[in-house]
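Descriptive analysis of the structure
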Amino acid sequence: IELVAMRSYGDKPAEFLNMVPSGLLPALIVEQPDGRKRVITESQVIMELLDRWHPTSEGYKAMLPSEEDTVGWSKFDTLANLERELFSWWCTLVFRPEGPRLGGGSGGLMGMLTGKGGGEKEMSGSMKGFLDCLSKVESALTSTPGPWFFGEYDYPTMIDFIYVSHVERMLASAAYWKGLDLRSAEYKAQFPGLNAWLDAFEKRECYLAFKSDYYTHVMDIPPQYGPGFDGGFEDKRKEFSQCINGRDGKSWKLPLPHDDPVQPLYRGPPLPLCALSAAGIESDADGTYESTNPEQMAKACRHMAGWKLSSNGDKVARFAARGGVDGAKNPRKSFGAPLADPYANPDQSVVPSVDAVLRIVCAALLEDGEDDDHGAVLQSMEQSLRDAVLSGQAKGVVGSLAYLRDRVGVPRDMPLAAARQFRAHLNWAIDVVA
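Residues numbered from 1 in each chain as written. Predicted model: local features only at pLDDT ≥ 70, side-chain atom pairs only at ≥ 80, totals over all residues. Heavy atoms only, no water.

Looking only at helices and strands, one finds 18 helices and 4 strands in the chain. Computed over C-alpha atoms, the radius of gyration of the chain comes to 24 Å, within 12% of the 22 Å expected from 2.2 N^0.38 for 434 residues, which places it in the range of a compact globule. C-alpha extents for the chain along the principal axes are approximately 75 × 70 × 50 Å. The 434 residues of the chain split such that 49% are buried. Considering only intrachain contacts with a sequence separation of at least 6, the fraction spanning at least 24 residues in the chain is 66%. Between the averaged position of the 46 positive side-chain charges in the chain and that of its 59 negative side-chain charges there is a distance of 6 Å. (Helix = DSSP H or I, 4+ residues; strand = E, 2+ residues; numbered from the N terminus. Rg over C-alpha atoms; globule rule 2.2 N^0.38 Å. Buried < 20%, exposed > 50% of the residue type's maximum accessible area, 1.4 Å probe, protein only. Contact = heavy atoms within 4.5 Å. Lys, Arg positive; Asp, Glu negative; His and termini not counted. Charge placed at Lys NZ, Arg CZ, Asp CG, Glu CD.)

Now for the packing of aromatic side chains. The full count for this structure, using the stated rule, is 19 aromatic pairs. Plain terms: the ring middles of Trp148 and Phe201 are 5.0 Å apart, the flat faces sit at 85° to each other, and that makes the pair edge-to-face. Of this pair, Trp148 sits in the loop between α5 (125-142) and α6 (158-178) while Phe201 sits in helix α8 (residues 192-202), placing them 53 residues apart in sequence. Positioned over the ring face of Phe150 is Lys75, at 4.7 Å from the centre of the ring. The residue whose ring lies beneath Arg84 is Phe87, and the NZ or CZ to ring-centre distance is 4.4 Å. (Phe/Tyr/Trp six-rings, centres within 6.5 Å; stacked < 30°, edge-to-face > 60°. Lys NZ or Arg CZ within 6 Å of the ring centre and 35° of its normal.)

Each pair of packed helices gets described by two things: the angle between the helix axes and the distance between those axes. Packing of α5 against α8 brings their axes to within 7 Å, and their N-to-C directions diverge by 65°. When the interaxial angle is binned, α5 and α8 end up roughly perpendicular. Viewed along their axes, α5 and α8 form a crossing whose handedness is left-handed. Across from Leu134, Glu138, Leu141 and Thr142 in α5, the residues of α8 making contact are Pro192, Gly193, Leu194 and Trp197. In the contact of α5 with α8, the residues fall into 5 nonpolar, 2 polar and 1 charged. (Axes fitted to C-alpha atoms, helices over the stretch in contact; angles between N-to-C directions. Parallel < 35°, antiparallel > 145°, perpendicular 65-115°, else oblique. Left-handed = near helix turned anticlockwise from the far one by under 90°. Nonpolar A, V, L, I, M, F, W, Y, C, P; charged D, E, K, R; others polar.)

Taken together, the side chains of Met19, Ile29 and Val39 make up a nonpolar region of the molecular surface, amounting to roughly 210 Å² of accessible area. Of the residues examined, Met19 reaches a relative accessible area of 38% and is grouped as partly exposed. (Patch = residues over 30% accessible without salt bridge, like charges linked within 9 Å, V, L, I, M, F, W, Y side chains within 5 Å. Areas by Shrake-Rupley, 256 points an atom, 1.4 Å probe, with all protein chains shown as cover. Salt bridge = Lys/Arg side-chain N within 4 Å of Asp/Glu carboxyl O.)

Counting residues in each nonpolar core, the largest one holds 60 residues, and the members touching the most others are Phe130, Phe149 and Trp197. Taken together, the elements giving at least two residues each to this core come down to α3 (70-94), α5, α6, α8, α10 (214-225) and α11 (234-244). Of the residues forming this core, the biggest block, 13 residues, is contributed by α6. Excluding its chain neighbours within four sequence positions, the residues that come into contact with Trp197 are Leu141, Pro147, Trp148, Phe149, Asp160, Tyr163, Val164 and Val167. (Core = buried A, V, L, I, M, F, W, Y, C linked by side-chain atoms within 4.5 Å.)

Attention shifts here to the state of the cysteines. A covalent bond between the sulfur atoms of two cysteines is what we call a disulfide. In this structure the tally under the stated criterion is 0 disulfides. No disulfide involves Cys91; its sulfur sits 12 Å from that of Cys133, the nearest cysteine. Of the cysteine sulfurs around Cys274, a residue in no disulfide, the closest is that of Cys301, at 13 Å. With a relative accessible area of 62%, Cys274 lands in the exposed category. (Disulfide = S-S within 2.5 Å.)

With 18 residues, helix α18 (residues 416-433) ought to run about 26 Å at 1.5 Å a step, and its terminal C-alpha atoms sit 25 Å apart, in line with that. Of all the 18 residues making up α18, 17 are buried; the element is thus mostly covered by neighbouring parts of the structure. (Expected span 1.5 Å × (residues − 1).)

A few words on the pairing of strand β2 (residues 37-40). Here strand β1 (residues 28-31) runs beside β2; their pairing, made up of 4 bridges, is antiparallel. By the bridge assignment for β2, Ile29 is matched with Val39. Taking the residues between adjacent antiparallel strands as the criterion, β1 and β2 are bridged by 5 residues, where Gly35 takes a positive phi near 90°. (Pairing = 2+ DSSP bridges.)

This part covers the environment of Glu83. Turning to its location among the elements, Glu83 is positioned in helix α3. Along the primary structure Glu83 and Tyr163 are separated by 80 residues, whereas in three dimensions their C-alpha atoms are 6.4 Å apart.

With that settled, the discussion passes to the environment of Pro415. Among the secondary structure elements, Pro415 is positioned in the loop between α17 (394-405) and α18. On a C-alpha basis, the gap between Pro415 and Cys301 in space is 9.0 Å, while along the polypeptide they are 114 residues apart.

Most peptide bonds take the trans form, and the phi angle of most residues other than glycine is negative. The amide bond that connects Leu254 to the next residue, Pro255, takes the cis arrangement and shows omega of -5°. Of note, the bond from Val410 into Pro411 is cis; its omega dihedral lies within 30 degrees of zero at 5°. Inspection of the secondary structure assignment puts Pro411 in the loop between α17 and α18. Although it is not a glycine, Ala328 adopts a positive phi angle of roughly 55°. Assignment of secondary structure puts Ala328 in the loop between α14 (313-320) and α15 (351-366).

Within the secondary structure, Asn427 sits in helix α18. Residue class for Asn427 comes out buried when judged on its relative accessible area of 5%. When near neighbours in sequence (up to four residues on either side) are disregarded, Asn427 contacts Trp252, Lys253 and Arg405.

Here the focus is the packing of α17 against α18. Between α17 and α18, the least distance of the axes is 9 Å, while the angle of their chain directions is 165°. By the criterion of interaxial angle, the relationship of α17 to α18 is roughly antiparallel. The way α17 lies across α18 gives a crossing that is left-handed. From α17, Ala394, Val397, Val398, Leu401, Ala402, Leu404 and Arg405 reach across to α18, where they touch Phe422, Arg423, Leu426, Asn427, Ala429, Ile430 and Val433. Classifying every residue of the contact of α17 with α18 by side-chain character gives 11 nonpolar, 1 polar and 2 charged.

This is the structure:
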C-alpha cells in the first residue's frame, strides 16, 4: 500500500501518473496472469475484488452476500441506492445556499403565510429533506437485531463501510456549517439506530486508525466538494463551529474538559489498545471508556501526543518554522487546500528557537510525575519556555507554533484524544512566549 496526495494537497509522483494517467484515487494495480497490469479506480469495484480475493473458504469474513443470495443482493442494492440519496441530500444541504425556512416558528415562510407559530423547529427544505432521508437510514438500521445493516453478522460488512466514510463527513459538516449535532442527546433519541451503529464502529480499534476528527474534515471537505454554506440552526452553528476550530477559548485550551462537547471521545478506545494498556486503562464492561479516571486518561493522551512528537521532532520543528516571519516566502506552486503548502520553505532563523520550544512542549506532554496538578507542572516550565526563545524571535516562534497547531491532522498524525492535548499544549506555549 502506498500513499499518494490528492490533487488539492500536492503533486502526484511521476511514477504514479505513469500507471494512472487520470490521477484518480484510490487506485488498485492488478497484475494479470499474462503479466500485464490493470488499473482499477472505482472504489466499490476495488472493495468487491478484495472481498472476492479473500473468500470465507480461506477463513476470511464475508463482506458481501453470496452469489446465490438474491435477497441479500436486493437488500444491498437498495441500501446502496439509499446511500446515494443521502449523499445527494447532504450535498444539497451543505454545498448550496439554504432556501427559506419552513415549519411552525413565526419567522418561517409558513408562519408568514399563515400568521401562525408553533413548537416545531423551523428548518429549510434541504434540512428537512436531509433529516427525512436520514430517517430512512435509521429504519434500515433498526430493522436488524444488531447495530449493522445486515443483522446476521456480528461485524460491519461492505455496505457499512460504504456508508461510514460519508456519514463521518456529514457529522462534521452538519455541526460546523448547520449547527446540527447528530451525536447529541436530542438526536440520539431521534436516531438511536444511527448512533448505535456509530458506537459499534467506535468500539473497534481498527476504526480508530482511519477515523478523522471534525476539524480535519471541515478543512479537507471544501477542496474536494466546494465551500460549505452557513445556515441551519444559527445559534448552535456558531457554538459548534468555534468549538470545532478551536476559536471558542475552551476546546483547544488548557485545562481541557474530560470529553469533547461535540465529538464523543470515549464510546470506544480513544487511543490504540497498546497505549491504553501501557497506561493501565481498561474498558468498561460495554466496551466504552466513559468511566475511566479523567486524570489517568488525560495523562495517557498527553503521552501519546508526546511520543508522536518526539519520534519526528527535528522535521516537525522545520515544518513549523514555515510559519515564522520569513517563512513560506519562496516562489512556489499552490494547491486547493488552504492549509496545504508542501513546497514552502521554513524561516531558518527561528528553527533553533522553535526546536527548543517544542522540546519543552514535548517534555510537558510526557511528564509522568505523581502530582495530578498538571497545571502546576506547566507553570514551573514557563520560564524555560521564555528562555528558549532567542531575542527578537517571539513573533516568529508564535507564528510557527500556530502554523503547526492548525495543521495537526487526525488520524494522520495522531488520534483525536491525543491531538486535542497537543493543540492545547501548543496554545499554552503560544500564550507564554507571546
